[in-house]
Amino acid sequence: MLLPRKIGAKYALIPCAGLLLFLAYFYLWRSGNDVYLTIAGPVEGWLPQMGKDNFWNNVPIHYPPSTIRPSRTGTPVKYPPVQATAFPTQQQGAHPELSKRRQAVRDAFAKCWQSYKKYAWGSDELTPVSGGRRDTFGGWAATLVDSLDTLWIMDLKAEFYKAVAAAESINFTHTELPEVNIFETNIRYLGGFLSAFDLSGDIRLLRKAVEVGEMLYKAFDTPNRMPVTRWDLHAAARGEKQVARDSVVLAEIGSLSMEFTRLSMLTGDSRWFDAVQHIADEMAAQQGSTALPGLWPLKVNGEKADFSSGSIFSLGSMADSAYEYLPKMAALIGGELPMYQEMYEKAMDAAIKHNLFRPLTPTNEDILIAGNIHAGDHGLELEPRDEHLVCFLGGLMALGGKLFGREKDIDAAKRLTDGCIWAYKVFPSGIMPEVLYVAPCKLNDDCKWNERVWKQEVLQRVRKEDPNTTEGEADIDTIIERARLPKGVTSVTDPRYYLRPEAIESVFVLYRVTGREDLLETAWNMFTAIDKATSTTLANSAIRDVTITGKAETIDLMESFWMGETLKYFYLIFSDPGLISLDEFVFNTEAHPFRRRVVSATT
Ligand SMILES: *[C@@H]1O[C@H](CO)[C@@H](O)[C@H](O)[C@H]1NC(C)=O
Ligand SMILES: *[C@@H]1O[C@H](CO)[C@@H](O)[C@H](O)[C@H]1NC(C)=O
């Protein structure tokens, strides 16, 4: 607020009134927007001095935060149970068929782990065809850290402790990479250590988590305390000044909250929570002023802390986990800050109204897909795009629907998850491609299958992708045959499969929420299809084309999420529903379960 330096007598009242308004606003803001969180830690065994000798702790700070939000007791919320009360069989652990399936998943994991140990130990990834190694996430043994909690959950404890011992010597002050991705480092390394600590209680893991946390915290040392999401670690280590970028991927800035908050809860040091809460406050303040109120654009401006200018709105790639972390933060902290539920509800209301649509399918499936919205001169336009990455949304809305008692979210969750199952089923490999387009059912239509409408959509898609095409009506059947398009699909723009988890993630969460028996069968079909198409002599590999049957061409890539996420969800769905119960844990976006603050019945 700017006040003129010299004020004539007759204007003197204006700044006075302004000041009063300002004070009133400030008071309301403070009382209406409770940004404090109970930081009760540290956990037993953690001594604050344990983190003090850290390299990053001793690099000069250029822009210290004006204040660190103090801890204070807010009002926790007792949420309803997330998990179903009845499952097809309560004793899944002892069920012969489910035990067999669980064992098959564990065998696939063990094979990959052995090969990683033999050929790529200490590197970020194994190359699963050639038996080499890759360092793409800092060179800090991403696969090792990402796999820690899976080792624990699959009861491979001897391997777990060997891995913890090896993790102790990872050096988070050194990397060969010119730039570090803060988001990936946060979800894989910090998330991996925190979760492995929450499960095992091994204090060495909390020590490593703090090491990563101190490093990541340095990326927030900017004039406006917005993080540099693609970060030059070397310049920061030399003590150089830094500013947040003007173009930042929404998911990369919006998905740091769970890990940072969990780290504060465990250490009793509220610096991390304070850092991410600053981002959440901006998101909350600007949520209603975007071109699609309720959703934030795919790209935001870190330098100006501008979260509202931009015209593409998606729940999928580049946006996904920014939305995912809203209800998950509420679950993690026991609802102490109502803003996370509020932001979630506003976002989902907008998504249900604008992004979710029903596609035309030959069997008239009652399914939903989450597309993209482009805001332009002609209003809001739907892009009927489907991505493997957006398949997390069904599971998320099942969780949010349960926590906040929103039936419409649970209904959408079922239909979204069924939409991903459909996209797995219609391709000859039994696997959904990375990106595809479908024919949307038009508003007020009965959504009955219409082959002519689908074919017209195929041609339109060709024209959109290549405005210079000479192909016309007469060529539609050739196009469909050439691109191997299943009925209902209008284009497969990226036919690869990267061993991604999002579809099984939603199948798993929906199963835990509903106890729906057919999901066990679905999960098994997905697992066998994926293993068949991707297994190599050493491990499993990303593949080039899911639109063909038989062994697909490999890409020689196995990202750490295959062992950190995909195989974990497959294993858990065939295990006792009490193993990593959603009433005790909440998963970060890399499938690392954090212990929730659960409020007892008496509070
Ligand atoms: C970690 O790397 C830094 C930078 O290369 C180096 O100075 C330091 O000695 C290393 N620490 C350990 C424990 O190896
Ligand atoms: C279409 O043709 C024009 C003129 O030949 C060319 O400049 C343009 O790059 C073409 N566009 C595409 C998408 O191929």
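- In the nomenclature of an unreviewed UniProt entry, the protein corresponds to alpha-1,2-Mannosidase from the organism Canariomyces notabilis.
- In its Sequence similarities (unreviewed entry) section, the UniProt entry covering the protein states "Belongs to the glycosyl hydrolase 47 family."
- According to the UniProt record, the Cofactor (unreviewed entry) comment for the protein reads "Ca(2+)".

## Brief notes about the layout of surface pockets
Part 1 of the argument: As a volume, the largest pocket reaches approximately 630 Å³.
Part 2 of the argument: What lines the largest pocket is a set of 23 residues, and nearest its centre among them are L382, E383, P384, P440 and K442.
Part 3 of the argument: Elements with a contribution of two residues or more to the lining of the largest pocket: α12 (339–354), β8 (356–357), β10 (372–376), β11 (379–383), β13 (435–438) and α15 (451–465).
Part 4 of the argument: Split into classes, the residues belonging to the lining of the largest pocket amount to 11 nonpolar, 4 polar and 8 charged.
Part 5 of the argument: Put simply, the second largest pocket is a space of about 550 Å³.
Part 6 of the argument: Along the wall of the second largest pocket there are 27 residues; nearest its centre are F183, E184, D320, L389 and R500.
Part 7 of the argument: When residues of the lining of the second largest pocket are traced back to their parent elements, those giving at least two are α5 (182–200), α8 (250–254), α11 (320–333), α17 (502–514) and α19 (561–573).
Part 8 of the argument: Sort the elements by how many residues they give to the lining of the second largest pocket and α5 lands first, with 4 residues.

## Focus on the site of ligand 1
Part 1 of the argument: Every residue near ligand 1 is listed here: N171, T173 and H174.
Part 2 of the argument: In the model, an oxygen atom of ligand 1 is placed 2.3 Å from a nitrogen or oxygen of the N171 side chain.
Part 3 of the argument: Within the side chain of T173, an N or O atom sits 3.2 Å from an oxygen atom of ligand 1.
Part 4 of the argument: Relative to its unbound accessible surface of 360 Å², ligand 1 loses 27% to contact with the protein.

## A word on helix α4 (residues 157–167)
Along an α-helix, a turn takes 3.6 residues, which lines up residues three or four apart on a common side.
Part 1 of the argument: Among the residues making up α4, those that are buried are E159, F160, A163, V164 and A167. Seen from one end, α4 has its buried residues packed into an arc of 140°, which puts them on one side.
Part 2 of the argument: Elements that come into contact with the buried residues of α4 comprise α2 (96–120), α3 (142–153), α5 and α6 (203–218).

## Some words on the confidence of the model for the protein
Part 1 of the argument: Averaged over every residue, the pLDDT of the protein is 92; the share at 70 or more is 92%.
Part 2 of the argument: Long-range and interchain partners of residues 1–18, a stretch whose pLDDT sits below 50, account for 6 contacts in this model, where long-range means more than four residues apart.
Part 3 of the argument: Note on residues 21–35: pLDDT is under 50 here. Beyond four places in sequence and across chains, it has 12 contacts.

## Quick look at the sheet that holds β13
Part 1 of the argument: Here 3 strands make up an open sheet; going across it, the order is β12-β13-β14 and the pairing antiparallel. On the outer flanks of this sheet lie β12 (385–387) and β14 (489–494), each paired with one strand and no other. Taken over all neighbouring pairs, the strand axes of this sheet differ in orientation by 25° on average, direction set aside.
Part 2 of the argument: Pairing of β13 with β14, which is carried by 3 bridges, proceeds in the antiparallel orientation. Along β14, the bridge assignment pairs V435 with D494.

Each value, and the rule that gives it
Residues numbered from 1 in each chain as written. Chains lettered and ligands numbered in written order. Predicted model: local features only at pLDDT ≥ 70, side-chain atom pairs only at ≥ 80, totals over all residues. Heavy atoms only, no water. UniProt positions renumbered as here; feature names shortened; annotations may be inferred. 1 Å grid on protein atoms, 1.4 Å probe; cavity = no way out; pocket = protein on both sides within 12 Å on 5 of 7 lines; lining within 4 Å. Points joined across faces, edges and corners; volume = space filled by probe spheres on them. Helix = DSSP H or I, 4+ residues; strand = E, 2+ residues; numbered from the N terminus. Nonpolar A, V, L, I, M, F, W, Y, C, P; charged D, E, K, R; others polar. Near = heavy atom within 4 Å. Polar contact = N/O pair within 3.5 Å; in protein donor to acceptor, adjacent residues only side chain to side chain. Areas by Shrake-Rupley, 256 points an atom, 1.4 Å probe, with all protein chains shown as cover. Buried < 20%, exposed > 50% of the residue type's maximum accessible area, 1.4 Å probe, protein only. Arc of directions from axis to C-beta. Contact = heavy atoms within 4.5 Å. pLDDT = per-residue confidence, 0-100. Pairing = 2+ DSSP bridges. Axes fitted to C-alpha atoms, helices over the stretch in contact; angles between N-to-C directions.

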